[in-house]
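Architecture at a glance
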Amino acid sequence: MRAGHLALALLLAGMTPASADDRLAEAERLTQAAQAVWGRDLAQIDLWLRQALSLRELALPPGDPAIPDTLGMLGRNAFNQGQMPNAEIWFRRQLTLEEQSRPTSFEAARALGDLGATLREQCQLPEAEQLVLRSLALRQALSMEGIAWWRAGSHDNLSKVHEMMGRIDDAITDTANASEAIADTGAPGTARRQQYGERLRCLRHLPEPGALPCWPTRCPAPVA
């Protein structure tokens, strides 16, 4: 029987693994199974991660990082499915725990950015902007391998928020900053810089009549 099916059968029967160690081992098996098919079988991933979360919440104290880590995976999987209200729930739960236990960590910065992107896609733009700005500030304060990519991602996220707010000049600056953030990464950053270059060209043409938005999500105009 597959790991996810086993855990589901046990939970439905009220037969969770007896010891904390067994619960954690089963949760890890479920998480690994979800990671093995990440981005493909989204409904199955959701099932496995929900079971892993339940097992970890039974076995671990609330401040253990494995719990917000699992919440973040659930949020990203829901985002990938286009289920933004569900993604928002998971990311808000994650962010609450991150801010309690590791508020200056990379994980907290990622949770801020992920929640900001989720709110952006739901047209909750003022809160999205504040979350992404907080994420960017935290990422800029961090020193770790590969952080340039994550800083660039924050600038890009902010650019999309600003485009959707109609602040095109700010969006252009944000995208230029995203490109600059990975300027020193060499060949690995070439494709990303090309992507940002294409977005810059699109943004600069937005004032032209009939120009299509560079980021496809559209928000209703505010009521005067």
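Notes on the structure follow. (Residues numbered from 1 in each chain as written. Predicted model: local features only at pLDDT ≥ 70, side-chain atom pairs only at ≥ 80, totals over all residues. Heavy atoms only, no water.)

On to the overall build of the chain. Looking only at helices and strands, the chain features 10 helices and zero strands. Each of the three principal axes of the chain carries a C-alpha extent, and together these read 65 × 40 × 30 Å. A burial count over the chain gives 45% of its 224 residues as buried. Pairs at least 24 residues apart make up 58% of the contacts formed inside the chain by residues separated by at least 6 positions. Roughly 11400 Å² of accessible area belongs to the chain as shown, and the carbon and sulfur atoms make up 55% of that amount. (Helix = DSSP H or I, 4+ residues; strand = E, 2+ residues; numbered from the N terminus. Buried < 20%, exposed > 50% of the residue type's maximum accessible area, 1.4 Å probe, protein only. Contact = heavy atoms within 4.5 Å. Areas by Shrake-Rupley, 256 points an atom, 1.4 Å probe, with all protein chains shown as cover.)

Turning to the pattern of salt bridges, a few remarks are in order. Per the stated rule, a full pass over the model turns up 17 salt bridges. Among the salt bridges present, the one from Glu-99 reaches Arg-134, with a minimum N-O distance of 2.4 Å. Note that Glu-99 is positioned in helix 5 (residues 84-101) and Arg-134 in helix 7 (residues 125-141), a separation of 35 residues in sequence. With a relative accessible area of 36%, Glu-99 lands in the partly exposed category. Owing to a relative accessible area of 41%, Arg-134 belongs among the partly exposed residues under this scheme. The partner of Glu-121 in a salt bridge is Arg-120, and the shortest N-O contact between them spans 2.8 Å. Like Arg-120, Glu-121 is buried. (Salt bridge = Lys/Arg side-chain N within 4 Å of Asp/Glu carboxyl O.)

Okay, helix 3 (residues 42-59) next. Between the first and last C-alpha of helix 3 there are 26 Å, a value that for 18 residues agrees with the 26 Å anticipated at 1.5 Å per step. Leu-42, Gln-44, Ile-45, Asp-46, Trp-48, Leu-49, Gln-51, Ala-52, Leu-53, Leu-55, Arg-56 and Ala-59 are the residues of helix 3 that are buried. (Expected span 1.5 Å × (residues − 1).)

Within the element layout of this structure, Lys-160 appears in helix 8 (residues 147-164). For Lys-160, the contacting residues outside a window of four places in its chain are Arg-120, Arg-199 and Trp-215.

This brings us to the state of the cysteines. For the structure shown, the criterion picks out two disulfides. Note that Cys-123 is cross-linked by a disulfide to Cys-219, the S-S spacing being 2.1 Å. For the disulfide bridge between Cys-123 and Cys-219, the dihedral angle about the S-S bond is near -95°, and by the sign convention the bridge is left-handed. Taken together, the residues span a long stretch of sequence, with Cys-123 in the loop between helix 6 (106-121) and helix 7 and Cys-219 in the segment after helix 10 (190-204) at a distance of 96 residues. By relative accessible area, Cys-123 is classed as partly exposed at 26%. Residue classification places Cys-219 among the partly exposed residues on the basis of a relative accessible area of 25%. A sulfur-sulfur distance of 2.1 Å marks the disulfide that ties Cys-202 to Cys-214. (Disulfide = S-S within 2.5 Å.)

Relative to each other, helix 4 (residues 66-80) and helix 5 sit at 160°, their axes nearing to 8 Å. Here helix 5 runs roughly antiparallel to helix 4, going by the angle between their axes. Crossing of helix 4 over helix 5 shows left-handed handedness. Contacts between helix 4 and helix 5 involve Ile-67, Pro-68, Asp-69, Leu-71, Gly-72, Leu-74, Gly-75, Arg-76, Ala-78 and Phe-79 from the former and Met-84, Asn-86, Ala-87, Trp-90, Phe-91, Arg-93, Gln-94, Leu-97 and Glu-98 from the latter. (Axes fitted to C-alpha atoms, helices over the stretch in contact; angles between N-to-C directions. Parallel < 35°, antiparallel > 145°, perpendicular 65-115°, else oblique. Left-handed = near helix turned anticlockwise from the far one by under 90°.)

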